[in-house]
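Observations on the three-dimensional arrangement
Listed here are the chains, written in short residue letters.
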Amino acid sequence: MAMFWKFMRVAKYSKTALSPKVKVRGIPTHSRHSSSRSVPSDFAANAPCSNTVELLGKAYPQDDYSNVTEKILSKVGKNLHNKKHHPLWLIKEQVKDHFYKQYIGRRGTPLFSVYDGLSPVVTVQQNFDSLLIPQNHASRRKEDNYYLNRDHMLRAHTSAHQWDLIHSGLDAFLAVGDVYRRDTIDNTHYPVFHQMEGVRLFSCHELFSNIEDGEGLQLFEQGHRTAHKQECHTMEAVRLVEFNLKQVLTKLMTHIFGDGLQVRWVDCYFPFTHPSFEMEINFQGEWMEVLGCGVMEQQLVNS
């Protein structure tokens, strides 16, 4: 079983045999909203008159989907989150340090591994299909994304790497990187921003080992999908994963913003998690969304 979370805009497990595990995912977001709007003219200029787009040492043939601009291409590879002492680097290191100290594996090493150098060029399959996002979903529109061609694009979220990292055998990881969406520029939007997200997979033993009389509890059942759980998950498993997820993220937000933080949870929808939640914190008298999270769709893990 798995959980997922993602921290978004800063200016959102299993090995080969996946049957004994379920997954939850969470996303901390920072002033990043799911809605996208048209791009200002300076960012919507025509792409270079060429049959290919050259980026990070590779050439991508252009087609009717190509819409990435020279202005955006000039931003790729800056990797501000990896520049020492940059504000984004400082935030990333603060989160990493927290996870390294708070969550230790059985061998005394950090439970979560960190990936902050993954290429921002991904396939459409990685960015959408691997996350169960339907073909007709609005998030796939050319108006909202930067496509190199029909098959390749600049990642719209760090979740584009999730399937590959899980498939490699990872049970707990953080992914950090620059992401790209065709947004109108204002005080909380820019076509390039950064995300950090985390994923953790649970085995039956990991989830129930500290529960009294937990030997008889199971991760899976042949049940019915409700507003609170997926059809394949037991209610006991979902409740424990949800509790763990919210506890981890509340502790992280307290670490970043300090003690006395007011937090509230809001039910929401993501294509790749169920149930799904958004965390809001009280900032200067108003509630501000800082992250999204949830129990990962088991179909995604099984795939």
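This one's a predicted model, so the numbers in the text were calculated from it and none came from an experiment.

**Examining the overall build of the protein chain**
Assigned secondary structure in the protein chain consists of seven helices and twelve strands. Taking all 303 residues of the protein chain together, 49% fall into the buried category. As displayed, the protein chain has an accessible area near 14,600 Å², and 50% of this comes from carbon and sulfur atoms.

**Some words on the environment of Thr158**
Mapped onto the secondary structure, Thr158 falls in the loop between β7 (152–154) and α4 (162–167). Each C-alpha atom, one on Thr158 and one on Val179, is 6.9 Å from the other, the two residues being 21 residues apart in sequence. There is a polar contact of 2.7 Å between the side chain of Thr158 and the side chain of Glu197.

**Describing the nonpolar core**
Among the nonpolar cores identified, the biggest contains 32 residues, and Met1, Trp5, Phe7, Phe99, Leu207, Leu249 and Leu291 are the most heavily contacted of them. The dominant element in this core, judged by the number of residues it contributes, is helix α6 (residues 235–257), at eight residues. Every residue in contact with Leu207, bar those within four places of it in the chain, is listed here: Met1, Phe202, Leu219, Ala237, Leu240 and Val241.

**Digging into the pattern of salt bridges**
A complete count under the given rule lists 15 salt bridges for this structure. The partner of Asp64 in a salt bridge is Arg150, with the nearest N and O atoms 2.9 Å apart. Separated by 86 residues along the polypeptide, Asp64 in the loop between β4 (58–61) and α1 (70–73) and Arg150 in the loop between α3 (124–127) and β7 bring together distant segments of the chain. We classify Arg150 as partly exposed; its relative accessible area is 44%. A salt bridge links Arg225 to Glu231; the nearest nitrogen and oxygen atoms lie 3.1 Å apart. Note on Glu231: relative accessible area 35%, which makes it partly exposed. What you see here is one network of salt bridges that share partners, running through Lys92, Glu93, Lys96 and Asp116.

**Structural notes on the environment of Leu131**
With respect to the helices and strands, the residue Leu131 is situated in the loop between α3 and β7. Considering only alpha carbons, one finds Leu131 and Thr273, 142 residues apart in sequence, at a separation of 9.3 Å.

**Digging into the packing of helix α2 (residues 87–102) against α6**
Where α2 contacts α6, the two axes come as close as 10 Å, and the packing angle between them is 130 degrees. In terms of orientation, α2 and α6 fall into the oblique class. Judged by the twist between their axes, the crossing of α2 over α6 is right-handed. Touching Gln94, Val95, His98, Phe99 and Gln102 of α2 are Val248, Lys251, Leu252, His255 and Ile256, all from α6.

**Some points on the packing of aromatic side chains**
Aromatic ring pairs: the centre-centre distance and the angle between the two ring planes describe each pair. All told, the structure shown has eight aromatic pairs when counted by the stated rule. Consider the rings of Phe270 and Phe272, whose centres lie 5.9 Å apart with planes at 5 degrees: the pair is stacked. Each member of the pair, Phe270 together with Phe272, is buried. Members of the aromatic cluster, each reached through a chain of ring pairs, are Trp5, Phe99, Tyr103 and Phe112. The ring centre of Phe277 lies 4.1 Å from the NZ or CZ of Lys246, which sits over that ring.

The rules behind the values
Residues numbered from 1 in each chain as written. Predicted model: local features only at pLDDT ≥ 70, side-chain atom pairs only at ≥ 80, totals over all residues. Heavy atoms only, no water. Helix = DSSP H or I, 4+ residues; strand = E, 2+ residues; numbered from the N terminus. Buried < 20%, exposed > 50% of the residue type's maximum accessible area, 1.4 Å probe, protein only. Areas by Shrake-Rupley, 256 points an atom, 1.4 Å probe, with all protein chains shown as cover. Polar contact = N/O pair within 3.5 Å; in protein donor to acceptor, adjacent residues only side chain to side chain. Core = buried A, V, L, I, M, F, W, Y, C linked by side-chain atoms within 4.5 Å. Contact = heavy atoms within 4.5 Å. Salt bridge = Lys/Arg side-chain N within 4 Å of Asp/Glu carboxyl O. Axes fitted to C-alpha atoms, helices over the stretch in contact; angles between N-to-C directions. Parallel < 35°, antiparallel > 145°, perpendicular 65-115°, else oblique. Left-handed = near helix turned anticlockwise from the far one by under 90°. Phe/Tyr/Trp six-rings, centres within 6.5 Å; stacked < 30°, edge-to-face > 60°. Lys NZ or Arg CZ within 6 Å of the ring centre and 35° of its normal.

Limitation: the analysis is restricted to geometry and does not speak to function.
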